[in-house]
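Overview (structure and organization)
Below are the chains, spelled out letter by letter.
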Amino acid sequence: QTRLMKILPVDSVVYVGILGEFSSAKTYLTKLTTFLAGGEMVVDPTPAYILRQIGMNPGMTLGIDEVDQLVRDRNNQIIISILRMGNSWEAYRGFVEEQQGKKGKVPIKINIGGPKVFNGYDSIDKALLSRTLTIEMKRWRDIDMVVEKMLGHKKLKVVRLWLEQRCEQALTKWNPD
């Protein structure tokens with residue numbers, strides 16, 4: 001999505017939520033999906049970090065591990081707000097920030113919009129799930145899969161390059177209309 005945001009409608013952002021049991025490879029699929037999208041995967045981020053990253057990289061794909069635990073443990077309404085409201089290419093959140101070297105604060109706004117990939121086990125916010133394409137994971141015990149995961153799969157980089165090239169081709173042929 002991020003690669004095609006110039007031609008996609010403003011309200012066309014799709015989230016991917018990976019849900020399921022413990023040890024069902026949710027984190028691995030979140031990392032993989034985020035990698036293929038050219039995004040950044042974060043674990044236990046602070047709201048300030050998320051705001052900084054998406055402010056410096058508008059429209060970036062953000063992968064978040066264990067979002068249910070993150071929100072529950074910290075009762076973190078800022079992160080859930082970013083997730084709930086960021087499902088558009090133009091979703092601005094206002095706040096105040098200290099000025100460097102000066103007294104006082106200045107109002108600023110950051111575009112929190114863009115694709116998000118997250119995973120969780122339970123208690124995912126219902127409003128967030130209503131904006132999300134969910135993938136249900138089941139526990140799988142396959143030693144070959146575990147070994148492949150640990151060693152890394154060489155074909156993933158090839159797939160990511162192929163996706164990037166296909167998106168570049170689409171940008172030359174498609175337009176927002």
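Keep in mind that this is a model prediction, so the values were computed, not measured. (Residues numbered from 1 in each chain as written. Predicted model: local features only at pLDDT ≥ 70, side-chain atom pairs only at ≥ 80, totals over all residues. Heavy atoms only, no water.)

**Topic: the pattern of salt bridges**
Tallied over the full model, the rule gives four salt bridges. Put simply, Glu 97 and Arg 52 hold a salt bridge, and the shortest N to O gap is 3.0 Å. Of this pair, Glu 97 sits in strand E4 (residues 92-98) while Arg 52 sits in helix H2 (residues 47-56); the two residues are 45 residues apart in sequence, bridging distant segments of the chain. Glu 97 gets classed as partly exposed once you look at its relative accessible area, which sits at 25%. When the shortest N-O distance is used, the salt bridge between Arg 84 and Asp 125 registers 2.8 Å. Of this pair, Arg 84 sits in helix H4 (residues 77-85) while Asp 125 sits in the loop between strand E6 (116-120) and helix H5 (126-129); the two residues are 41 residues apart in sequence, bridging distant segments of the chain. The class for Arg 84 is partly exposed, based on a relative accessible area of 24%. (Salt bridge = Lys/Arg side-chain N within 4 Å of Asp/Glu carboxyl O. Helix = DSSP H or I, 4+ residues; strand = E, 2+ residues; numbered from the N terminus. Buried < 20%, exposed > 50% of the residue type's maximum accessible area, 1.4 Å probe, protein only.)

**Focus on the confidence of the model for the protein chain**
The pLDDT averaged across the protein chain works out to 85; a share of 90% of its residues lies at or above 70. Considering each helix and strand of the protein chain separately, the mean pLDDT is smallest for helix H6 (residues 143-151), with a value of 57, and largest for strand E3 (residues 62-65), with 94. (pLDDT = per-residue confidence, 0-100.)

**Thoughts on the packing of helix H1 (residues 26-36) against helix H7 (residues 155-173)**
Two elements in contact, H1 and H7, have axes separated by 9 Å at closest approach and are oriented at 40°. Considering their axes alone, H1 and H7 lie oblique with respect to each other. From H1, Tyr 28, Leu 32, Phe 35 and Leu 36 reach across to H7, where they touch Leu 156, Lys 157, Val 159, Arg 160 and Leu 163. For the contact of H1 with H7, the per-class residue count stands at seven nonpolar, no polar and two charged. (Axes fitted to C-alpha atoms, helices over the stretch in contact; angles between N-to-C directions. Parallel < 35°, antiparallel > 145°, perpendicular 65-115°, else oblique. Contact = heavy atoms within 4.5 Å. Nonpolar A, V, L, I, M, F, W, Y, C, P; charged D, E, K, R; others polar.)

**Notes on the pairing of E6**
A large share of E6 lies buried, amounting to five of its five residues. Burial along E6 is two-sided: the residues Lys 116, Phe 118 and Gly 120 and Val 117 and Asn 119 are all buried. Judged from the four bridges that link them, strand E1 (residues 15-20) and E6 form a sheet pairing that is parallel. Bridging across to E6, Val 16 finds its partner in Val 117. As defined by bridge partners, E3 adjoins E6 across three bridges and the pair is classed as parallel. (Pairing = 2+ DSSP bridges.)

**A short note on the sheet that holds E1**
One open sheet holds the five strands; their spatial order is E2-E3-E6-E1-E7, and the pairing between them is parallel. At either end of the open sheet lies a strand with only one pairing partner, and these are strand E2 (40-43) and strand E7 (132-137). On average, each strand axis in the sheet is tilted by 20° relative to the strand beside it, whichever way the strands run. Sheet strands in contact with H1 are E1, E2, E3, E6 and E7, and its direction is about 175° off that of E6.

**Thoughts on H4**
Those residues of H4 that sit buried are Ile 79, Ile 80, Ser 81, Ile 82 and Leu 83. Two to three positions downstream of the cap, the backbone nitrogen of Ile 78 sits 3.3 Å from a side-chain oxygen, assigning the N-cap of H4 to Asn 76. (Polar contact = N/O pair within 3.5 Å; in protein donor to acceptor, adjacent residues only side chain to side chain.)

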